[in-house]
Amino acid sequence: VYRFARYQINKRHSKNRFLKNTMTTCTKSSDHKQQCAPCHSLDQSSLLSTEQMAEELKNLPLWAQQQHGIFKISRKFTAKNFQAALDCINQVGVIAEREGHHPDLHLTSYRDVEIVLFTHKLGGVTLNDFAIARVIDLEVKISYSPKWLRENPEADSTALK
């Protein structure tokens, strides 16, 4: 049995949505493939518009919207060293496995890290991507490059101290 921290989408109006933190359980199906009901049940109507993404990003100052064919959200930073970058990627990997939602992770120039989130099944961003971004921001503590942290003081709450 896998645990999946899910944010349930409730509709007040056709365009206004808000999040309610709930828990659900993911189990393996009879053919032993993991099937998370929240992700499995998503369809194209779950994709967020540019405006909805911008609204959600107001609460996630370390994340930015990007579009390379499809919409995604990403977070970039420079770690203190190679080991600090790997430690971050490994922590994100643990969260991704636990939550059943997997980001694209990039390590370049030995310490530059980029975390890219989108719902692969739908080819765009859903509220699940913002939920996992919040979890990453809360749980992953990073040993940043001192220079990068000085230039990006908004990241201080996620810095390893």
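Rules of the game
Residues numbered from 1 in each chain as written. Predicted model: local features only at pLDDT ≥ 70, side-chain atom pairs only at ≥ 80, totals over all residues. Heavy atoms only, no water. Buried < 20%, exposed > 50% of the residue type's maximum accessible area, 1.4 Å probe, protein only. Helix = DSSP H or I, 4+ residues; strand = E, 2+ residues; numbered from the N terminus. Arc of directions from axis to C-beta. Pairing = 2+ DSSP bridges. Phe/Tyr/Trp six-rings, centres within 6.5 Å; stacked < 30°, edge-to-face > 60°.

Novice: What exactly am I supposed to notice about helix H2 (residues 50-57) here?
Specialist: The α-helix advances 3.6 residues per turn, and as a result positions three or four apart in sequence lie on the same side. Residues of H2 that are buried: Met53, Glu56 and Leu57. The arc that holds every buried residue of H2, seen down its axis, measures 100 degrees, which confines them to one face.

Novice: I would appreciate a short explanation of the pairing of strand S6 (residues 104-108) in the present structure.
Specialist: Consecutive residues of a regular strand have side chains that alternate between opposite faces of the sheet. When S6 meets strand S7 (residues 112-117), the two strands line up antiparallel, connected through five bridges. What sits directly across from threonine 108, in S7, is aspartate 112. Between the antiparallel neighbours S6 and S7 lie three residues, among them serine 109 with a positive phi of about 50 degrees.

Novice: What should I look at first to understand the packing of aromatic side chains in this one?
Specialist: Evaluated as defined, the whole model comprises three aromatic pairs. Measuring from ring centre to ring centre gives 5.4 Å for phenylalanine 77 and tyrosine 144, while their planes differ by 90 degrees; the resulting arrangement is edge-to-face. Of this pair, phenylalanine 77 sits in strand S5 (residues 70-78) while tyrosine 144 sits in the loop between helix H4 (127-139) and helix H5 (146-151), placing them 67 residues apart in sequence. The same class applies to phenylalanine 77 as to tyrosine 144, namely buried. Judged by centre distance (4.8 Å) and plane angle (25 degrees), the rings of tyrosine 144 and tryptophan 148 are stacked. The residues tyrosine 144 and tryptophan 148 share a single accessibility class, namely buried. Within the aromatic cluster, the residues linked to one another by ring pairs are Phe77, Tyr144 and Trp148.

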